[in-house]
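Remarks on the overall topology
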Amino acid sequence: MDRWIAATHGAELRRAERPVAVDLGYGAAPWTAVELLGRLRTAAPRTRVVGIEIDPARVAAARPYEREGLEFRHGGFEVPLAARPQLIRAANVLRQYDEDQVAEVWSRLCARLAPAGPHGSRGGLLVEGTCDEIGRRHVWVALGPEGPRTVTFATRLGSLERPSDLAERLPKALIHRNVPGEPVHAFLRDFDRAWAAAAPYAAYGARQRWIRAVRDLTADWPVADGPSRWRQGELTLPWPALAPRL
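Once a new chain begins, its residue numbering starts again from 1 and follows that chain's sequence as written. It should be noted that, the model being predicted, local features are given only for residues of pLDDT at least 70 and side-chain atom pairs only at 80 or more, the latter also being counted only at that level, while totals for whole chains, interfaces and linings use all residues. The basis for every side-chain value is the complete set of non-hydrogen atoms in the structure, without hydrogens or water.

Once that is clear, we can look at the pattern of salt bridges. Think of a salt bridge as a Lys or Arg side-chain nitrogen and an Asp or Glu carboxyl oxygen that are within 4 Å of each other. Summed over all chains, the structure comprises 24 salt bridges. The residue E68 makes a salt bridge to R41 at a minimum N-O spacing of 2.8 Å. With E68 in the loop between α3 (56-62) and β3 (70-74) and R41 in helix α2 (residues 31-43), this pair connects stretches of sequence that are 27 residues apart. The secondary structure listing takes helices from DSSP runs of H or I that are at least 4 residues long and strands from runs of E that are at least 2 residues long, numbered from the N terminus.

Structure below.
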């Protein structure tokens, strides 16, 4: 997720005078915030990261790791910052919430993002999704101040048996929609078929098989990125392509 953010949102962070990124709900240890700072500064060296946690004990435990560009605060979805951030990352935060709560949380967080501005700025970015315990499989939704933009599937290719294995890491907005009749179910079905058809490319490695499968998917699905991202084990689609049916 951090790699994708740096690649796709780095220009927005560089454009900001004082870029701020939020690691919302970083958990029992501050490592994700520490890693986020390191990754983002490769793309935008002036970026500051603020880790925000609802549990005061976790904030206190993280404070010894503060340094230039990294701090920790107590808070939640209100995002207690004076300035609107250019990025809010919320990984594994909404999985314990009900599906019907997601839209309200998204709206609340998007309202805290930096607004769109001049010189091509699209405003801040909310990245919300779910991953496994060691980050090998991850699916996230990217939202701007205007609402949902894209859905990205990412995996460590060497551990992937079939693309639909990512279904268990769908974000809360989609995980209960992986049923016949819903777009995300149709997409994962087609991805598995493309993956099976690309089996001969496995002789050249899982990466080449993934690239071939994604390339075949573009015939029927509006894939939003290209080979440079596919090589990373990623695939991004516009949100409307997978949005739940009412």
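Each Phe, Tyr or Trp ring, with Trp reduced to its six-membered ring, pairs with another whose centre is within 6.5 Å; inter-plane angles below 30 degrees give stacked pairs, above 60 give edge-to-face pairs, and intermediate values give tilted ones. On inspection of all chains with the given rule, the structure shows 10 aromatic pairs. Ring plane angle 55° and centroid distance 5.6 Å describe the contact between F77 and Y97, whose orientation is recorded as tilted. With F77 in the loop between β3 and β4 (87-91) and Y97 in the loop between β4 and α4 (102-110), this residue pair connects regions lying 20 residues apart in the sequence. Of the residues examined, F77 reaches a relative accessible area of 16% and is grouped as buried. Each ring, one from F191 and one from W210, has its centre 5.1 Å from the other, and the planes form 55°; the classification is tilted. Placement of the pair is F191 in helix α6 (residues 183-197) and W210 in helix α7 (residues 206-217), with a sequence separation of 19 residues. For the pair formed by F191 and W210, the shared burial category is buried. Buried means the residue's accessible area, taken with a 1.4 Å probe over protein chains only, is under 20% of the maximum for its type, while exposed means over 50%, and partly exposed covers the values in between.

To continue, consider the environment of W221. Looking at the secondary structure, you find W221 in the loop between α7 and α8 (227-230). Judged by its relative accessible area of 14%, W221 falls in the buried class. With 20 residues separating them in the primary sequence, W221 and A241 have C-alpha atoms 7.7 Å apart. Under this definition, polar contacts are N or O atom pairs within 3.5 Å; protein pairs additionally need one hydrogen-donor-capable and one acceptor-capable atom, and for neighbouring residues in sequence, both atoms have to be side-chain atoms. Polar side-chain contacts of W221 include one of 3.0 Å to the side chain of D190.

Quick look at α6 now. Along an α-helix, residues three or four positions apart point the same way, because every turn accommodates 3.6 residues. With 15 residues, α6 should reach 21 Å at 1.5 Å per residue; the first-to-last C-alpha distance of 21 Å fits that figure. Regarding α6, the residues found buried are P183, V184, A186, F187, L188, D190, F191, A194 and W195. Turning to α6, the residues buried within the fold contact β7 (147-155), α5 (172-175), α7, β8 (234-238) and α9 (239-242). Every helix has an expected span of 1.5 Å times one less than the residues it contains. In this analysis, two residues are considered to be in contact whenever any of their non-hydrogen atoms come within 4.5 Å of each other.

The next thing to look at is the pairing of β3. Along a regular strand, successive side chains alternate from one face of the sheet to the other. Two strands make a pair as long as DSSP finds a minimum of two bridges between them. Pairing analysis gives 5 bridges linking strand β2 (residues 48-53) to β3, with the strands arranged parallel. Of the residues in β3, the one forming a bridge with V50 is E71. By convention, a crossover is right-handed whenever its connection, traced from the first strand over the helix to the second and viewed with the strands pointing away, goes clockwise. A crossover connection joins β2 to the parallel β3 through α3; in handedness this β-α-β unit is right-handed.

Ordered by their spatial adjacency, 8 strands build an open sheet running β3-β2-β1-β4-β5-β6-β7-β8, and the pairing between neighbours is mixed. Only two strands of the sheet have a single partner each, and these edge strands are β3 and β8. The mean inter-strand angle of the sheet, taken between neighbouring strand axes irrespective of direction, is 20°. Relative to β8, β7 runs antiparallel, the two sharing 5 bridges. Bridge pairing in β8 links V151 to L237. Only the stretch in contact is used when fitting a helix axis, every axis being a line fitted to C-alpha atoms; angles between N-to-C directions are given from 0 to 180 degrees.

Attention now goes to unusual backbone geometry. Look at V79: it is not a glycine, yet its phi comes out positive at around 50°. With respect to the helices and strands, the residue V79 is situated in the loop between β3 and β4. Phi is positive for N92, which is not a glycine, with a value near 60°. Note that N92 resides in the loop between β4 and α4.

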